[in-house]
Amino acid sequence: MKRFWIIAGCVGTFIAIAILTALSAPRDIGIAIDKLVQLVFAIAALVAYARARDRWMTAAMTSLSVGLSAWIWGQQIMGVQLPSSTIAPIGFTMVPVLCLAAVIAKAQKRRSDDLLPNYRSRTVLVLDGLIVIGSLFVLTWVSALESLTRAWATEGPGFATVIAHPAAYLVLLVAIVVMSWTHQAVRQWPMLFVALAGIAQSSSGWVFAFYISKGNTAIPAAADIGFMLCPAFFLLSALAPVRNLDPTPGRMRTADLLHLLVPYLPLAITGLFVSWNTATGGRLNPVEIYVGLLVVCLVIVRQLLTMMDNVRLMDQLRVSREELRHEATHDPLTGVANRSLFRERLERALAVRDRVKPLILLFIDVDGFKAVNDNNGHAEGDSVLRNVAARLENNVRPEDTVARLGGDEFGVLIDGGDADEIGARLLDALGHPHEVLGRVHQVHASIGVAQRFSYDPKITADDVLGAADAAMYTAKRLGKGMVVVHGSPLPEMT
C-alpha cells in the first residue's frame, strides 16, 4: 500500500506539472502536450490492465487509446473541425460502456460478507439508481442540458456522440455507487479511481459539449483538465491494491452510510439548485416539473419498500431472539427444557404464596440406559433418550414442565394432581419397549417424588431437587422400576 501511494504521488506530481505547462504554453503547443500526456497514461493503463489479465478494463483502455490516437490524427494532423464524427468520439463513448461491464463482472465475484439482496432489495437498488439518474438529469437540464439538446437537434449525429460520451460516464458512476454498498469487490480502491476517472472525464465532457453547442470550436485549455486527469486515474486504478477488510463490529460500514445517503444527496442538491434557479427569476419548464415529480414518487416508493423491509427485519429479529432463547433454555438432543429453565420454573413455583394445589416434582432416572449405550452405540442411546422425553411430554399437561437434567436423568414439574397416580402413569409409559432401527430396547425408570403444599420462604429449589433426588435413589435401592413419594418433612427426606 505504501508503494502504491508513492507511485500515486509521482503520477500526481507529473500530471500537475503537465496541466500547468499545457495551460501556460501557446494554444497549439498546449493542446499537443495535453493530448500526448493523455495518450501516454492511457497506454500505460492499458499495459497495466493487460498484465493484470482484466479483460474488460483492458478493452476499455484500448478503446480510450484508439479514441485519443484518432483524435490526435484528426484534430492535430488532419485539421478536422469540431464536432467530429470520426472514430474518436465512438472510442471515447465505448470506454464507460466497457468499464460498466468490468464493474458488473467484479460484482459477480461474491464474498461471504456481501449483502445478498432479495427481490425487494434489488428493487430498492434499482429505485436508488433511478433516483440518482433522475436527480442528475434535472440538475443538468436546468444548468445546461436543455441548451445542449437544442444544439443536438440542429447539429446532427456528430453532436449526439459528444453528448453520449459524458452521459455514459454518469451511468457508470451511478452503477459504481449503487453496487458499492452490496458488493465488497466493487468497494475497493481500483473502483474508486475508476469513479474519479469518470467524474473527471464527464465534467470536461459536459463543458466541451456546452462550448460546442454554442458554436465555439476553440475550446479553452482549462476545459481539458478533466480529460488529462482521466487516463491518470485509470492508471492508478490498474495499480491500486485490493484489500479484503472485514467489517469492524459495532461501527457503521461505509457501504451502509452510502446506502442511507446516496439516493437523497443528489436529490437534495438538485432541489437546492432548482430552488435557487426559481428564486432568481428562472422558470420551470414541463420537463423539469414532470421528471422532478417522478423522482419524488420514486423516493416515496423507496421509503415504503424500506419500511416494509424494516418490519420484515424486526420480525426476523424477534424470531431469531426466540430461537436463541429456546436454544439457551432447552436440551438440544431431546428438545425438552434444560436444567437452567427447569430450575427457573421451580423457583417461580416455590414463590407462589397462596398455593391451593400441591407442587409436585418428579426426579426420573432411566434404568438400563447405560447398557443400550455400551452395546449399541451412542446413536441408538440418543434415540432412546428422545423417546423417553417424548413419552414424558405425552403423559403430562402442556403447562407442565419436562426437562432433561443431565445424562439419563429427567425432571417433571407439575402444579396440582396426585403424586402417586402421576408417578405410576409415567412409570408405565416408560416401561414399554423402545424400538430403534429394528432393535427393541427395554428400559425402566426409578422415580423419586417431592411435594410442596404451602409457601415456605426457607425452602429453596435446591432443597426440593435434593429431596426428589434422594427419593429416586431410595427407589433404586428398593429394586428399581418403582416410584417413591416423600410426603414427610424435608429433613426426613434426606
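- By the naming in an unreviewed UniProt entry, the protein goes by Diguanylate cyclase (GGDEF) domain-containing protein and is assigned to Lentzea waywayandensis.

### Observations concerning the pattern of salt bridges
Right, on to step 1. The tally for this structure, following the rule as stated, stands at 16 salt bridges.
Right, on to step 2. With a shortest N-O distance of 2.9 Å, R397 and D400 are connected by a salt bridge.
Right, on to step 3. In this structure, the salt-bridge partner of R425 is E421, at a minimum N-O distance of 2.6 Å. In this pair, R425 and E421 both sit in helix α15 (residues 419–431), four residues apart, roughly one turn of the helix.
Right, on to step 4. A relative accessible area of 28% means that R425 is categorised as partly exposed.
Right, on to step 5. One continuous salt-bridge network, built from bridges that share partners, spans D315, R318 and E322.

### Notes on the sheet that holds strand β2 (residues 401–406)
Two orientations exist for strands paired in a sheet by backbone hydrogen bonds: parallel and antiparallel.
Right, on to step 1. Read from one edge to the other, the open sheet built from five strands follows the order β2-β3-β1-β6-β7, with strand pairing classed as mixed. Two strands in the sheet have a free side with no partner beyond their single neighbour: β2 and β7 (483–486). Within this sheet the neighbouring strands show an average axis-to-axis angle of 20 degrees, counted without direction.
Right, on to step 2. Helix α12 (residues 339–350) contacts β1 (359–367), β2, β3 (409–415) and β6 (444–452) of the sheet and is inclined by roughly 130 degrees relative to β2.
Right, on to step 3. Sitting on the sheet, α15 is in contact with β1, β3, β6 and β7, with an inclination near 160 degrees to β6.

### Looking at the packing of aromatic side chains
Right, on to step 1. Tallied over the full model, the rule gives seven aromatic pairs.
Right, on to step 2. Between F4 and F193, the ring centres sit 5.6 Å apart and the planes meet at 70 degrees, which makes this aromatic pair edge-to-face. Here F4 is found in helix α1 (residues 2–24), whereas its partner F193 is found in helix α7 (residues 189–213), with 189 residues between them in sequence.
Right, on to step 3. Residue F4 is classed as buried on the basis of its relative accessible area, which comes to 5%.
Right, on to step 4. Pairing F14 with F41 gives two aromatic rings, centres 5.7 Å apart and planes at 65 degrees, and the pair type is edge-to-face. A residue pair is termed long-range when its members are at least 10 positions apart, and F14 in helix α1 and F41 in helix α2 (residues 27–51) qualify at 27 residues.
Right, on to step 5. Feature note: the residues F4, W5, W189, F193 and F233 constitute an aromatic cluster, connected by ring pairs.

### So, the nonpolar core
Right, on to step 1. With 58 residues, the main nonpolar core has M57, M61, L64, V95, V194 and F234 as its most contacted residues.
Right, on to step 2. Sorting the residues of this core by element identifies α1, α2, α3 (55–77), α4 (87–107), α6 (157–180), α7 and α8 (225–239) as the ones contributing at least two each.
Right, on to step 3. Among residues more than four places away in sequence, those in contact with V95 are A60, M61, S63, L64, Y169 and F234.
Right, on to step 4. Of all hydrophobic cores here, the second largest spans 26 residues; its members include L362, A419, L430 and V449.

### So, a nonpolar patch on the surface
Right, on to step 1. On the surface, V66, I87, I90, M94 and V97 cluster together into a nonpolar patch covering about 410 Å² of accessible area.
Right, on to step 2. Here the nonpolar patch gets four residues from one element, more than from any other, and that element is α4.
Right, on to step 3. Position of V97 relative to the elements: it lies in helix α4.

### Things to note about the packing of α1 against α8
Angle between the axes and distance between the axes are the two parameters that describe a pair of packed helices.
Right, on to step 1. The geometry of α1 relative to α8 is characterised by a closest axis approach of 11 Å and an angle of 165 degrees between their N-to-C directions. By the angle between their directions, the pair α1 and α8 is classed as roughly antiparallel. In this structure, α1 meets α8 at a crossing whose hand is right-handed. Between α1, through F4, I7, A8, V11, I15, A18, I19, A22 and L23, and α8, the contact on the second element is made entirely by I225, M228, L229, A232, L235, L236 and L239.
Right, on to step 2. For the contact of α1 with α8, the class distribution of residues is 16 nonpolar, no polar and no charged.

### Topic: the pairing of β2
Right, on to step 1. Taken across its six residues, β2 has five buried, putting it largely inside the fold.
Right, on to step 2. One ladder, built from five bridges, connects β2 with β3; its direction is antiparallel. Bridge pairing in β3 places V402 opposite V412.
Right, on to step 3. Hairpin remark: β2 followed by β3, antiparallel, with two residues in the connecting loop; positive phi at G407, about 60 degrees.

### A few points about the environment of S203
Right, on to step 1. Within the secondary structure, S203 is located in helix α7.
Right, on to step 2. It is 9.3 Å that separates the C-alpha atoms of S203 and I225, two residues lying 22 residues apart in sequence.

### Description of helix α14 (residues 378–394)
Right, on to step 1. Spanning 17 residues, α14 covers 24 Å between terminal C-alpha atoms, matching the ideal 24 Å at 1.5 Å per step.
Right, on to step 2. Looking at α14, one finds that the buried residues are E380, G381, S383, V384, L385, V388, A389, R391 and L392.

### Let's talk about the packing of α2 against α8
Right, on to step 1. In contact at an axis separation of 8 Å, α2 and α8 are set at 15 degrees when each is read in the N-to-C sense. Of the possible angle classes, the one that applies to α2 and α8 is roughly parallel. Taken as a pair, α2 and α8 cross one another with a handedness that is left-handed. Residues D34, K35, V37, Q38, F41, A42, A44, A45, A48 and Y49 of α2 pack against F227, M228, P231, A232, F234, L235, S237, A238 and L239 of α8.

Cut-offs and rules
- Residues numbered from 1 in each chain as written.
- Predicted model: local features only at pLDDT ≥ 70, side-chain atom pairs only at ≥ 80, totals over all residues.
- Heavy atoms only, no water.
- Salt bridge = Lys/Arg side-chain N within 4 Å of Asp/Glu carboxyl O.
- Helix = DSSP H or I, 4+ residues; strand = E, 2+ residues; numbered from the N terminus.
- Buried < 20%, exposed > 50% of the residue type's maximum accessible area, 1.4 Å probe, protein only.
- Pairing = 2+ DSSP bridges.
- Axes fitted to C-alpha atoms, helices over the stretch in contact; angles between N-to-C directions.
- Contact = heavy atoms within 4.5 Å.
- Phe/Tyr/Trp six-rings, centres within 6.5 Å; stacked < 30°, edge-to-face > 60°.
- Core = buried A, V, L, I, M, F, W, Y, C linked by side-chain atoms within 4.5 Å.
- Patch = residues over 30% accessible without salt bridge, like charges linked within 9 Å, V, L, I, M, F, W, Y side chains within 5 Å.
- Areas by Shrake-Rupley, 256 points an atom, 1.4 Å probe, with all protein chains shown as cover.
- Parallel < 35°, antiparallel > 145°, perpendicular 65-115°, else oblique.
- Left-handed = near helix turned anticlockwise from the far one by under 90°.
- Nonpolar A, V, L, I, M, F, W, Y, C, P; charged D, E, K, R; others polar.
- Expected span 1.5 Å × (residues − 1).

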